[in-house]
Amino acid sequence: MAELLGDDDPPPFRVEHAAGASPFLLLCDHAGRALPHKLADLGVAQAELARHIAWDIGIAEVGRRLADELDACLITQSYSRLVIDANRHPGTSQSIVTLSERTRIVGNEGLQAEEREARAREIFLPYHERISAELDARARAGRATLLLLLHSFTPEFLGQPRPWHAGVLYNRDARMAQVLLALLRQEPQLVVGDNQPYAASDATDYALVVHGERRGLLHVELEIRQDLIAHAEGQALWAQRLAHWLQRSHAALFPA
């Protein structure tokens, strides 16, 4: 069986605040933009690899700061979504794309089944197995868990501007989403999307469905516009905002 990752490649995930006392578990599916050395640059220009097509700009640092604020465990994916998307079901058309927006991903064209399987086995599965292990351990310990999936989105998409500062996403279970959405909409300076700019679904969201819905956990997916968190000041501001809103959400969901 051919291996994809070598000794000089980063691990597929990172865990920070592993012993965090908070009931919140933070996930960043698109935190990193690493490429395995064996894949070189996937035939994609470096300027393109710095764009949103490769990763969720700013969200990893927001996640780290938020984990500090809440004393919450944070699990982040290290590799670019262009290698394999950690938030899509393996084997589907959106798992390993050959075209992202208007950019060809040459290194993903004509892949053999064993090449796809290696990416899933060495990058996708270890990340989600670590999340499952964390949730299993919490369940055995009788710990309540609220799952927060953190993402960022572009100010415009294919020439269309996006007015939202943030978006609250959910699929079948909107319990936590509706509480958080109501709190965010109390901020008059913010435009907050209700399942905008994306709508969560079985086809487009793996973590929310598998780790949140199937386990019956309170969960929500939160999108932040990238120009607001592309710098340290914005990252710190949004982490503080989120900590405040999440603590209020927890109080609303679990009144004393």
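What counts, and where the lines are drawn
Residues numbered from 1 in each chain as written. Predicted model: local features only at pLDDT ≥ 70, side-chain atom pairs only at ≥ 80, totals over all residues. Heavy atoms only, no water. 1 Å grid on protein atoms, 1.4 Å probe; cavity = no way out; pocket = protein on both sides within 12 Å on 5 of 7 lines; lining within 4 Å. Points joined across faces, edges and corners; volume = space filled by probe spheres on them. Helix = DSSP H or I, 4+ residues; strand = E, 2+ residues; numbered from the N terminus. Core = buried A, V, L, I, M, F, W, Y, C linked by side-chain atoms within 4.5 Å. Buried < 20%, exposed > 50% of the residue type's maximum accessible area, 1.4 Å probe, protein only. Contact = heavy atoms within 4.5 Å. Pairing = 2+ DSSP bridges. Salt bridge = Lys/Arg side-chain N within 4 Å of Asp/Glu carboxyl O. Axes fitted to C-alpha atoms, helices over the stretch in contact; angles between N-to-C directions. Parallel < 35°, antiparallel > 145°, perpendicular 65-115°, else oblique. Left-handed = near helix turned anticlockwise from the far one by under 90°. Nonpolar A, V, L, I, M, F, W, Y, C, P; charged D, E, K, R; others polar. Bend = angle between axes of the 7 residues up to and from the residue. Polar contact = N/O pair within 3.5 Å; in protein donor to acceptor, adjacent residues only side chain to side chain.

Asker: So what exactly am I meant to see when it comes to the layout of surface pockets here?
Answerer: If a probe as big as a water molecule is rolled over the atoms, it shows which places are left empty. There is about 590 Å³ of room inside the largest pocket. In this structure, the largest pocket is lined by 28 residues; those nearest its centre are His52, Arg81, Arg88, Gln94 and Tyr198. Among the secondary structure elements, those contributing two or more residues to the lining of the largest pocket are β4 (99-100), β6 (146-153) and β11 (218-225).

Asker: So what exactly am I meant to see when it comes to the nonpolar core here?
Answerer: The tendency in soluble globular proteins is for nonpolar side chains to be buried side by side. In terms of nonpolar packing, the biggest core is built from 38 residues, with Leu26, Leu66, Leu150, Leu242 and Leu246 touching the most fellow members. At the level of secondary structure, the elements contributing two or more residues to this core comprise β2 (24-28), α2 (59-70), β6, β9 (166-169), α4 (175-184), β11 and α6 (232-253). Dropping the residues within four chain positions of it, Leu150 is found in contact with Leu26, Leu27, Cys28, Asp29, Ile59, Gly63, Leu66, Leu222 and Leu242. In this structure, Leu39, Ala54, Phe124 and Val210 belong to the second largest nonpolar core, which totals 24 residues.

Asker: Would you mind showing me how to read the pairing of strand β3 (residues 73-77) here?
Answerer: The side chains of a regular strand alternate, residue by residue, between the two faces of the sheet. A large share of β3 lies buried, amounting to five of its five residues. Along β3, one buried face is formed by Cys73, Ile75 and Gln77 and the opposite face, lined by Leu74 and Thr76, is buried too. Both strand β1 (residues 13-16) and β3 contribute to a ladder of four bridges, which runs antiparallel. Note that in β3 the partner of Val15 across the bridge is Ile75.

Asker: Can you walk me through the pattern of salt bridges in this structure?
Answerer: If the charged atoms of two oppositely charged side chains come close together, the side chains can form a pair. By the definition in use, this model includes 16 salt bridges. For the salt bridge of Glu134 with Arg138, the shortest nitrogen-to-oxygen distance reads 3.0 Å. Of this pair, Glu134 and Arg138 both sit in helix α3 (residues 113-140), separated by four residues, roughly a single helical turn. The network of salt bridges with shared partners includes Arg14, Glu16, Glu61, Arg64 and Arg65.

Asker: How should the packing of α2 against α6 be read in this particular structure?
Answerer: A pair of packed helices is characterised by two quantities: the angle between their axes and the separation of those axes. Between α2 and α6, the least distance of the axes is 8 Å, while the angle of their chain directions is 45 degrees. One finds that α2 runs oblique with respect to α6. The two elements α2 and α6 cross, and the hand of that crossing is right-handed. Residue-level inspection shows Glu61, Val62, Arg65, Leu66, Glu69 and Leu70 of α2 in contact with α6, the latter providing Ala232, Gln235, Ala236, Ala239, Gln240, Leu242, Ala243, Leu246 and Gln247. In terms of residue class, the contact of α2 with α6 is made up of nine nonpolar, three polar and three charged.

Asker: Got a minute to help me understand α3 in this structure?
Answerer: Note on helix geometry: an α-helix contains 3.6 residues per turn, so any two residues three or four positions apart are oriented the same way. At Leu125, α3 is deflected by roughly 40 degrees, the largest bend along its length, and proline Pro126 occurs up to four residues later in sequence. Looking one or two residues beyond α3, the residue adopting positive phi is Gly142, at roughly 75 degrees.

Asker: So what exactly am I meant to see when it comes to the side chain of Asn87 here?
Answerer: Among the secondary structure elements, Asn87 is positioned in the loop between β3 and β4. We classify Asn87 as buried; its relative accessible area is 2%. At 3.2 Å, the side chain of Asn87 and the backbone nitrogen of Ala207 are in polar contact.

Asker: In this structure, what is going on with the sheet that holds β6? I would like to understand it.
Answerer: What holds strands together in a sheet is hydrogen bonding between their backbones, with the strands either parallel or antiparallel. Within the open sheet, the seven strands sit side by side as β1-β3-β2-β6-β11-β9-β10. Their pairing is mixed. With partners counted over all chains shown, the strands left at the sheet margins are β1 and β10 (192-194), one partner each. When strand polarity is set aside, the average angle formed by the axes of neighbouring strands in this sheet is 20 degrees. Running over the sheet, α2 touches β1, β2, β3, β6 and β11 and is turned about 150 degrees from β6.

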